[in-house]
Amino acid sequence: MTTGQVTYALELLPPLAKQAGDAGLQISKGALGIGASGTSMLVFGEHTGPVADVRVRQAIAHAIDRASINEALYAGLATPTSSATPQGAPGYTGEDPYPYDLDEAKQLLADAGYPDGFELTITSPSAFDPGNLVGQAIQGALAEIGITVNLEVNNDNFTDLTGKLSSGEFPVYVYTEPGESVFNMVTGSIQAAGGALNPNGYPLPDDMAAALAEVTAAPADEQPAALEELTRTVDANQWFVTITSIPRFTVVQPGVQGVPAEYVTAEPQPYSPIEGA
């Protein structure tokens, strides 16, 4: 694209999009999708062993330097986030409940009875984590608080992989969740049978269940606040640790119209600025 031979490119990896932007091309950020785009996260599919303790899960959340991951893996184009609901989706709070804090992470581990850490096996599916770079970043981050990660790479195709996820085959795994409201996340990915964020079907914690009931009972004018409170309960329980929100990247040559800087539709509709083209 930087040579002018391509006018419009979809689904670019962030480093390539950044390179094109530096060369003067327009970058368009699209909706959070699935696969390589979406909200990257570490999911605790099984609540057994050390990660059964919420303090351990919270420690892991505090141990991840999301800003550094964004710069190293996504050329600074993603959005670091420690909250479940991405910006722009109903339930977004704008809060950072788990800022990078190694001292807090180590204290939480000690309080949970693991001052010297423990071993943890994490599956990194290439379909959700291209190059397994997020998995490697998590591995390095958790080493700083004494958690030794055994990283298992999974190269299944998307169909086979989703079947294994929904059956609960992986105890802890890297995943990308599509951008959606916290209500859809809880009632779908968490509560539905085989949901990617709760494949083993654990019942909702009391605070999350109560917050979900408040959402369903709230009148329209109270829905935004109720959804934000639901997000806070999801964040407090840390059944999954969110890392970055990665949008779809479209890059176009200068002069191409109809491609907004940000969009939430399936695809923008570019057309040539050259009459008759």
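Because the structure is a prediction, the values reported are computed rather than measured.

**Student:** Quick rundown of the overall build of the protein? Include the residues and the values.
**Tutor:** Within the protein one finds nine helices and eight strands. Counting over 277 residues, the protein shows a buried share of 47%. Roughly 12300 Å² of accessible area belongs to the protein as shown, and the carbon and sulfur atoms make up 51% of that amount.

**Student:** Any chance you could break down the nonpolar core for me, citing the residues and the numbers?
**Tutor:** Within the largest apolar cluster, 33 residues are counted, with the highest numbers of intra-cluster contacts made by Leu42, Ile60, Leu120, Ile122, Ile138, Leu142 and Ile147. Elements with a minimum of two residues in this core: β3 (38-44), α2 (54-62), α3 (66-74), α4 (102-111), β5 (119-125), α5 (133-143), β7 (172-177) and β8 (240-252). In this view, Ile60 contacts Leu42, Phe44, Leu120, Leu142, Ile147 and Val241; residues no more than four positions away in its chain are not counted. With 27 residues, the next largest nonpolar core counts Tyr173, Met185, Ala196 and Leu212 among its residues.

**Student:** Help me get a handle on α5, residues and values and all.
**Tutor:** Those residues of α5 not exposed but buried are Val134, Gly135, Ile138, Ala141 and Leu142. Around the axis of α5, the buried residues are gathered within 125 degrees of arc, so they sit on the same side.

**Student:** For the packing of helix α7 (residues 182-190) against helix α8 (residues 206-217), give the residues involved together with the corresponding values.
**Tutor:** Two elements in contact, α7 and α8, have axes whose closest approach is 10 Å; the angle formed by their N-to-C orientations is 125 degrees. In terms of their interaxial angle, α7 and α8 are classed as oblique. For the crossing formed where α7 meets α8, the hand is left-handed. Contact with α7, carried on its side by Phe183, Val186, Thr187 and Ile190, involves Met208, Leu212, Val215 and Thr216 of α8 and no other residues of that element. Of the residues in the contact of α7 with α8, the class split is six nonpolar, two polar and no charged.

**Student:** Just give me the short version of the pattern of salt bridges, but keep the residues and values in it.
**Tutor:** For the structure on display, the rule yields five salt bridges. When the shortest N-O distance is used, the salt bridge between Arg55 and Asp53 registers 2.8 Å. Judged by its relative accessible area of 32%, Arg55 falls in the partly exposed class. Salt bridges sharing common partners tie together Glu95, Glu228, Glu229 and Arg232.

**Student:** Lay out unusual backbone geometry in plain terms, naming residues and giving numbers.
**Tutor:** Most peptide bonds are trans, and most residues other than glycine sit at a negative phi. In this structure, Ala75 is a non-glycine residue whose phi angle is positive, near 55 degrees. With respect to the helices and strands, the residue Ala75 is situated in the loop between α3 and β4 (79-80).

**Student:** Talk me through the packing of aromatic side chains; I want residue IDs and the actual numbers.
**Tutor:** Counted by the stated rule, this structure contains five aromatic pairs. Judged by centre distance (5.4 Å) and plane angle (65 degrees), the ring pair of Tyr114 and Phe118 falls under edge-to-face. Ring geometry for Phe128 against Phe158: centres 5.6 Å apart, planes inclined by 65 degrees, an arrangement best described as edge-to-face. With a gap of 30 residues between them, Phe128 in the loop between β5 and α5 and Phe158 in helix α6 (residues 158-166) connect regions that are remote in the sequence. Note on Phe128: relative accessible area 5%, which makes it buried. Residue class for Phe158 comes out partly exposed when judged on its relative accessible area of 36%.

Reading guide: rules and limits
Residues numbered from 1 in each chain as written. Predicted model: local features only at pLDDT ≥ 70, side-chain atom pairs only at ≥ 80, totals over all residues. Heavy atoms only, no water. Helix = DSSP H or I, 4+ residues; strand = E, 2+ residues; numbered from the N terminus. Buried < 20%, exposed > 50% of the residue type's maximum accessible area, 1.4 Å probe, protein only. Areas by Shrake-Rupley, 256 points an atom, 1.4 Å probe, with all protein chains shown as cover. Core = buried A, V, L, I, M, F, W, Y, C linked by side-chain atoms within 4.5 Å. Contact = heavy atoms within 4.5 Å. Arc of directions from axis to C-beta. Axes fitted to C-alpha atoms, helices over the stretch in contact; angles between N-to-C directions. Parallel < 35°, antiparallel > 145°, perpendicular 65-115°, else oblique. Left-handed = near helix turned anticlockwise from the far one by under 90°. Nonpolar A, V, L, I, M, F, W, Y, C, P; charged D, E, K, R; others polar. Salt bridge = Lys/Arg side-chain N within 4 Å of Asp/Glu carboxyl O. Phe/Tyr/Trp six-rings, centres within 6.5 Å; stacked < 30°, edge-to-face > 60°.

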